[in-house]
Amino acid sequence: MFRRDTPAETEFRMNVRTWLEANLPAALRGRTTRPPPAELMPWYHTLSRKGWIAPHWPKQYGGMGATLNEQIIMTEELARVGAPHLPVQGLNHIGPILMEFGNDAQKVQHLPPIIAGSVIWCQGYSEPGAGSDLASLSTRATLQGDHFVVKGHKIWTTWAHHSDWMFALVRTDPQAQPRHAGISFLLIDMHSPGIKVRPIKTIAGDDEFAECFFDDVIVPAGNLIGKLNDGWRIANALLGHERIGTSNPQFALIALERIKTMARASGIMADSAFQDRLAAASINVTAMAALFSHAVELTNQERSPGPESSIIKIFGSELLQSLNELLIEAAGGHASTEHPIATEFGEVEVATPYLQVRRATIYGGSSEIQRNVVARRVLNLPN
Amino acid sequence: MDLHLTSEQTLLRDSAAKFVAAAGPKVARGFRDQEASFAPARLREAGELGWLGILVPDSTNGLGLGLTELALVLEQAGRGLVCEPIGLAAISAAALAQGRAPHPMLERVMAGAALVVPALQEGAHGDDPLLPRTQAVGEGASLRVTGKKLFVCADSAEGFLVSASGRDGPELCYVARNAPGCTLSATQTVDGRKLSTLTLADVPADLAPSRQSSRNAVDALHNLALLALSCELLGVMEKAQEITFDYLRIRKQFGKLIGSFQALQHKAVDIYTRTEATRSLVYQIAANNDPYRIDPVLAVAVKAKASEDALIVTQACIQLHGAIGFTDEHDIGLYLKRAMLLSSLLGNAAAQRRRYVAIAELTA
C-alpha cells in the first residue's frame, strides 16, 4: 500500500511467490491453528533446504542475509499463500540472542540445528506467579560446581511438549534488589531427567502451550548465556526489533478479506451499519500499514524506533482483535460453529481465528503492560 | 516516531515552527468575534515565505515541492491554531496552476495578496463531490454557474473554486466574489471565525485550468483538500496532547502527580497511539502520492481517521485536565473547537466512511 518494491525486490518477490505456490503442500495452507510437528516440520525442512528458513540471519550462520525489505517480502508472501506459522522460538529468539551473547561453543552447538530444523526450541519465561510481573520469577538455578540444579515451574510455554531445548530465565540470586538483577539466562535440555511437561489446551482448541515442572534438573554450567545474573538484559535486548517484525499489516489484510467473504455470503454486506464498521476497520488497517512502513523506514535508516514500537504492538494486536470481532458479527448465527463455514465463495473459518487472536493482546507483554512502558519511557509520565 | 526528513524538509519545518511561534492560542483568541478572522499581513508573510505556492511548479514561480512539504507546514499551522487560511490558499494555488496557461489569479494568490478558497461542499454530510447539484451552463466567455455552496471559508476571499455539474460531468469553475449574482451569508463558528453560504445565481465564471492527463480537477482538488485538512487536524491533536501531558506531570492530587495514576497513563497512551497512527498515515500518503492525483481511497481514509481521532484526542485532553479544562480561560478548549471545525469540513468522519464504502467497494 505504501512501501513500493524496487525492480530487484519485485523480482525477488515473484521468485518467492512462484516457489511457494509450487512447493507448499495444499494441506498446510490457510490453517488457523499451527499443525503438529509431524505435519509441520517437513515444511520447515523444505524451506531449510531451499535456504529460506532464516531470511533475517546472516549468511555466516546459514541464514539468507536478507535486507529488511526482503524479510518483509518473505513474510508477506508466506502470509499470502496461507503458509502455517513455523515454530519461531529458535529462529527469532534464541538464535539472534546466541549470535549476540553466546560464546563460540554455544553457537557451534546450537545454531546449525535451528537452521536444519533438527531441534525445536521453547521459551521458558512465564511462571504461575510471574506473568506480567516477570521479574518476580522464582524458578531457582543453584550453581553447584560445574552445573546448575534447577527447581521450579514454567507455564504458558509454547510448544514445550514438542521441544528439545528451552531457553529459560531462572533465579540465580534470590536476594538481589532490584529483583531482575538476580536473573540468569540458561539453556536447558528438555530431555534431561527431572523434567515433566503437561500440555495445556487453549480456548481455540489447540494445545499450543504447556507447563513444565523442573525437579532438581542438572544443567551444565556451560549452558549459561552471558554472565551470571545478567539474564534480564539479554532477554530484553532484542525486543524492539521483534515487535516490528510481527506487525506486518498483511495479516490484517487477510483478516479483512475473510470478513468481506463472510459478509457477502451471509448477506450482511448490504447493511449500512455493518458497512460503516467495516469502513472504520479497513481505514485502521491502512493506518496500521502506514505505521508499519514508517517503522520500517526508520529501521532502514538505522534509527530503530525503540520503545515507541510498543504502540505498533498495541495498535496492531487490538486491530486484529477488532477485525475478528467484525468477522463473527459478519457470520451472525454461524459464529458459534466450530468448523469452517461452507459458503458459495468457499469455506470460511470464523470461530477459530476469532478465538486464536484473543492471545494477541496478552503474549509478549500484555497491552496493559505495553501501555505502562509507553507512559513511562515515551511520554515520560511520573512514577 | 520521528519522521525521516531531508535537511531541506527539516529547515522548512523549522521555519514553519518559527512562523507559528508568533501565532498560538492568544492570537487565535484575539480574532474571536472580530470583523476579520485572520490578519491579511500574516497571509502575505506566508506568501513571501513561498508556502502558498508550495505545490505550484517552479516554472510558474512556485516552490515546486510535494505533499510532504505541504504537510510539514500545515501540521505546524494546526499546532499553532493559525487563523490564516494557508492550506486553503496553497491548494487553490495548486489548482490555479494546472493546465498549459495558469489562471490570471495565480500570481496574487501565491503572494498572499488575494485569497481564493475552494467551495466544494453542498450538504451537511459531505455528499458525492463528483455529482454537485450546482450547475454550470454555457462555455468560454458565456459560462454561468448556479447553485449553493455551504461551509465556505469565505472571509476576505476574492474568489472561489466552485465545483459544478457541466455537460460532460463535474467542472471546476473560478467565480469572483464581486461577480453579479454571487452572495454570501456568514455564520460564526464555534471558535469565533466565520463560515459562509455562497449562493450563485447565474453567475459568470471561467473554467479553472486543467491538464487533460490529470484526474478530474474537482476530484483532484477535493482529495487535496481532504489531505490538507487532515494535516491541520494532526497538528491540533499533537499540540493539545503535549499541553495535556505537561499538565499530568505537574498537577498533584492525593499527594501525588496525577500522571503517575495508571488510569490516566493508559488514557494518555491511547491518545498518543491515535495521534501517531494519524501522523504515519498523513506522511505515508504524502510521501507516496502526487499532489494533484492523490488516491481518493487514501484521501477519504485519512480525513476519516484524522477527523475522528482529533475529536477523541481533544475531548480526552479536556477530561484529563478536569474542571480547568472546561473553562474558557484555559487554552485546551480552543484545540477542541478547532478540531470541531476542521473535522466537520467536507464531511465528518462518518461521512467519509460512507464515501469510503462506495469507493473501496465495501458493498454487497
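Starting afresh in each chain, residues are numbered from 1 along the sequence in its written order. Note on labels: chains are lettered from A, ligands numbered from 1, in written order. This being a predicted model, a pLDDT of at least 70 is required before a residue's local features are given, and a value of 80 or more before pairs of side-chain atoms are given or counted; all residues contribute to the totals for chains, interfaces and linings.

**So, the overall build of chain B**
Now for step 1: Helical segments are the DSSP runs of H or I of at least four residues, strand segments are the runs of E of at least two, and each set is numbered from the N terminus. Looking only at helices and strands, chain B features eleven helices and ten strands.
Now for step 2: To get the radius of gyration, use the C-alpha atoms; to get the globule rule, take the number of residues to the power 0.38 and multiply by 2.2 Å. Rg of the C-alpha trace for chain B: 20 Å, near the compact-globule value of 21 Å for 364 residues, within the 12% margin.
Now for step 3: The principal-axis extent of the C-alpha atoms belonging to chain B is close to 75 × 55 × 40 Å.
Now for step 4: Here a residue counts as buried when 20 or more other C-beta atoms sit within 10 Å of its C-beta, as exposed when there are 12 or fewer, and as partly exposed otherwise, the C-beta atoms being derived from the backbone. Relative to its 364 residues, chain B shows a buried fraction of 55%.
Now for step 5: A separation of at least 24 residues holds for 75% of the contacts in chain B among residues at least 6 apart in sequence. Contacts are defined on C-beta atoms placed from the backbone: any two residues whose C-beta positions lie within 7 Å are in contact.

**Here's the deal with the interface of chain B and chain A**
Think of interface size as the accessible area that goes away when the parts come together; that is how it is often given.
Now for step 1: Counting from both sides, the interface comprises 32 residues of chain B and, opposite them, 35 residues of chain A.
Now for step 2: Of all elements in the fold, only helix 7 (217–250), helix 8 (262–288), helix 9 (296–321) and helix 11 (349–359) of chain B reach the threshold of two or more residues within the side of chain B that touches chain A.
Now for step 3: Per-element tally for the side of chain B that touches chain A: the top contributor is helix 8 of chain B, with twelve residues.
Now for step 4: Amino acids are sorted into nonpolar (Ala, Val, Leu, Ile, Met, Phe, Trp, Tyr, Cys and Pro), charged (Asp, Glu, Lys and Arg) and polar (every other residue, Gly among them). For the side of chain B that touches chain A, the per-class residue count stands at 17 nonpolar, ten polar and five charged.

**Some remarks on the domain arrangement of chain A**
Now for step 1: Entries for chain A in the domain assignment read domain 1 (7–86), domain 2 (121–231) and domain 3 (239–377).
Now for step 2: Between the C-alpha centres of domain 2 of chain A and domain 3 of chain A the distance comes to 31 Å. Here the limits of each domain have been adopted from an automatic or database domain assignment.

**Points about the packing of helix 10 (residues 310–331) of chain A against helix 12 (residues 367–377) of chain A**
Packed helix pairs are characterised by how far apart their axes lie and by the angle those axes make with each other.
Residues and elements named next belong to chain A.
Now for step 1: Axes, fitted as lines to C-alpha atoms, cover a helix only where it is in contact. Angles between the N-to-C directions of the axes lie from 0 to 180 degrees. At their nearest, the axes of helix 10 and helix 12 sit 9 Å apart, and the two run at 150° to each other. In terms of orientation, helix 10 and helix 12 fall into the roughly antiparallel class. In this structure, helix 10 meets helix 12 at a crossing whose hand is left-handed. In this structure, helix 10 uses Ser310, Ile311, Lys313, Ile314, Ser317 and Glu318 to contact helix 12, whose residues at the interface are Ser367, Gln370, Arg371, Val373 and Val374.
Now for step 2: When its residues are assigned to classes, the contact of helix 10 with helix 12 shows four nonpolar, four polar and three charged. Relative orientations are named as follows: roughly parallel for angles under 35 degrees, roughly antiparallel for angles over 145 degrees, roughly perpendicular for angles from 65 to 115 degrees, and oblique for any other angle. For a crossing to be left-handed, the near helix must be turned anticlockwise from the far one by less than a right angle; the clockwise case is right-handed.

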